[in-house]
Amino acid sequence: MELWLAIALIVVAFGVAFGVGTVFGIQRRKQVAEKAIGSAETEANRIITEAVKSAEAKKKEFLLEGKDELHRLRNENEKEISSRRKEIQRQERRIQQKEETLDRKMDNLEKKEYSFQKKQKEVEEKLEEVEQVKKSQFEMLERISGYTADQAKDYLLQQLDSELDHEKAVKILEYEEKLKEESDKRARNIISLAIQRMAADQVAEATVSVVALPNDDMKGRIIGREGRNIRTIETLTGVDLIIDDTPEAITLSSFEPVRREIARVALEKLIADGRIHPARIEETVEKARREVESTIKAEGEKTVLEAGVNNIHPELVKLLGRLKYRTSYGQNVLKHSVEVSFIAGMIASELGLNPTVAKRAGLLHDIGKALDHEMEGSHIQLGVDVARKYKESDAVIHAIHAHHGDVEAKTVVACIVQAADAISAARPGARRENLENYIKRLQKLEEVGKSFSGVDSCFAIQAGREIRVMVKPEHVNDERMIPLAREICQKIEQELEYPGQIKVNIIRESRVSDYAK
């Protein structure tokens, strides 16, 4: 019993102690919370006070900025108003000056109008007086001549008609002469411009080709046993092989350049391969023929593209390519055809015509030369036939037919192609010229230059297309050089025959020499 009582007392004591501790803890926390609340209120009041102060400072700052901006704007506005006022005053002064000027002009106009009216009245009075004098003169003339006014008018008109007929005939002759001179001059100018703007490389004519050999032993292999190899080559190509004492070289001879080219290509392939026997020769010749045909086609297409001529039949393109291996008097026919095409187009353009047909006719004018080694007939007739076969226009066919004067040229294009063909063939260096005649022409050219007084020496250069005349500076001054050049040109034109034009250069220089001893 006492034990339970003791336990109960202990439990009660613990409970009382726990309650008292809890009460003290609550009071303590309450005090801490009250202190924190007071501190927070103090801090809040401080923040609010600082915020109010900061707001007041910002307010004052904004007010000051606003006042400054207002003051600045007011100043600018006053300046602008002042400048506009000045401008208005200036405009007012100008208007006032113009009004004064207009007033003066009006006064002058009124005075001039008055003067004009006065003069007009005087003129009218003079006209009336003139009419009266005229009338009296006519009456007097009628009495003296016995003609009425209408009869005198008819007589004068008859006399005037006869005089006008004579004057008209004289003027027509003068204009015809002048037109002829101008047309000749313009024609020479057009042709010279066409020549100057066109230049093509020329290839010398040859009926032989030379094939280089690596050594002289190769000649025996080409001849073959009992000559079977050389006979096979000559039979398949139609070309003569000339094997002589010329070291490391074989000559191919044939009048037909395409055959000669096929033989040259085949022989070079055989020499490079080293296997030379009839079967191999036949195979190589066939390959060379295909290669040359391919080259001919490519060359024809390139030529058509270069000349700027479109829609040419493929067979005509191939024939153009064959002209690459054809020469005439030392001039390559394909280059000549392209040159004629360009020159014809230039002449047509200078004359204000469409150059397309002229260029086409110029390119195809010698197309018959691609066939004249294989077919009977002149290259003109062959060219006309092949152009007609492949549906070329009548203008082109006629130009081909007339380019050597076999038929009369009936179109401007035909005349242009004739001129272009002659220009290309006749210009210096285009075709071979007899060496002796060539040297004589150059010597004569130099003699013409040296025949003038004051000339020290004269040299013909550029195949006779230019001469350089060195004059003595003590005898020919700078002013004399221009008429001297003109005089030399005139003498060349009078005494020499030459294609194209010759440039005359006058050179005058002074030299001083001394010797240091």
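A short tour of the structure in this document, coming up. Keep in mind that what you see is a predicted model, and the values were worked out from it rather than measured. (Residues numbered from 1 in each chain as written. Predicted model: local features only at pLDDT ≥ 70, side-chain atom pairs only at ≥ 80, totals over all residues. Heavy atoms only, no water.)

Points about a nonpolar patch on the surface
Worth spelling out the cut-off: Like-charged residues within 9 Å of one another, or nonpolar side chains (Val, Leu, Ile, Met, Phe, Trp, Tyr) within 5 Å, are grouped into patches, provided each residue has over 30% relative accessible area and no salt bridge. Only the protein chains shown count as cover for residues, and the accessible areas themselves come from Shrake-Rupley with a 1.4 Å probe. Throughout this description, the term salt bridge denotes a Lys or Arg side-chain nitrogen within 4 Å of a carboxyl oxygen of Asp or Glu. We count a stretch as a helix when DSSP gives it H or I for four or more residues in a row; a strand needs E for two or more, and each element gets its number in order from the N terminus. Relative accessibility decides the category of a residue: with a 1.4 Å probe and only protein chains considered, values under 20% of the type maximum give buried, values over 50% give exposed, and everything between is partly exposed.
On the surface, Trp 4, Ile 7 and Val 11 cluster together to form a nonpolar patch covering roughly 350 Å² of accessible area. Here Val 11 lies in helix α1 (residues 2-145). Val 11 gets classed as exposed once you look at its relative accessible area, which sits at 53%.

Observations regarding the packing of aromatic side chains
Each aromatic ring pair is described using two quantities: the centre-to-centre distance and the angle formed by the ring planes. Which entries qualify depends on this criterion: Under the pairing criterion, centres of Phe, Tyr and Trp rings, with the six-membered ring standing for Trp, must be within 6.5 Å; the plane angle then separates stacked pairs below 30 degrees from edge-to-face pairs above 60, leaving the rest tilted. Whether a charge lies above a ring is judged from NZ of Lys or CZ of Arg, which has to be within 6 Å of the ring centre and within 35 degrees of the ring normal.
Summed over the entire model, instances satisfying the criterion amount to 0 aromatic pairs. Geometry around Phe 452 places Lys 491 over its ring, the cationic atom sitting 5.4 Å from the centre.

Focus on the environment of Val 340
Threshold: Any two residues whose heavy atoms approach within 4.5 Å are treated as being in contact.
Inspection of the secondary structure assignment puts Val 340 in helix α8 (residues 333-350). Residues Val 340 and Asp 366, 26 residues apart in the sequence, show an inter-C-alpha distance of 9.9 Å. Filtering out sequence-adjacent residues up to four positions away, Val 340 remains in contact with Gly 362, His 365, Val 417, Ala 420, Asp 421 and Ser 424.

Some words on the pattern of salt bridges
Overall, the coordinates contain 24 salt bridges when judged by the stated rule. Residue Glu 261 pairs with Arg 264 through a salt bridge whose shortest N-O separation is 2.6 Å. Here the residue Glu 261 and the residue Arg 264 both occupy positions in helix α5 (residues 257-273), the gap between them amounting to 3 residues, near one helical turn. According to the relative accessible area criterion, Arg 264 is partly exposed, its value standing at 22%. The salt bridge involving Lys 269 is made with Glu 291; its shortest N-O contact spans 3.1 Å. Of this pair, Lys 269 sits in helix α5 while Glu 291 is found in helix α6 (residues 278-307), placing the two residues 22 residues apart along the sequence. By relative accessible area, which is 36% here, Glu 291 ends up partly exposed. Three or more residues are tied together by salt bridges with common partners; here these are Asp 273, Arg 275, Arg 280, Glu 283 and Lys 287.

Observations concerning the sheet that holds strand β8 (residues 503-508)
The condition that has to hold: Any two strands are treated as partners once DSSP identifies two or more bridges connecting them. Throughout, an axis means a line fitted to C-alpha atoms (over the contacting stretch in the case of helices), and angles, computed between N-to-C directions, take values from 0 to 180 degrees.
On the basis of which strands lie adjacent, the open sheet formed by 3 strands has the order β6-β7-β8 and mixed pairing. Of all strands in the sheet, those bounded by a partner on one side alone are β6 (455-461) and β8. On average, each strand axis in the sheet is tilted by 20° relative to the strand beside it, whichever way the strands run. Across 6 bridges, strand β7 (residues 466-471) lies against β8 in parallel orientation. The partner of Ile 467 across the bridge, within β8, is Val 504. Here helix α14 (residues 478-495) sits on the sheet in contact with β7 and β8, set at roughly 150° to β8.

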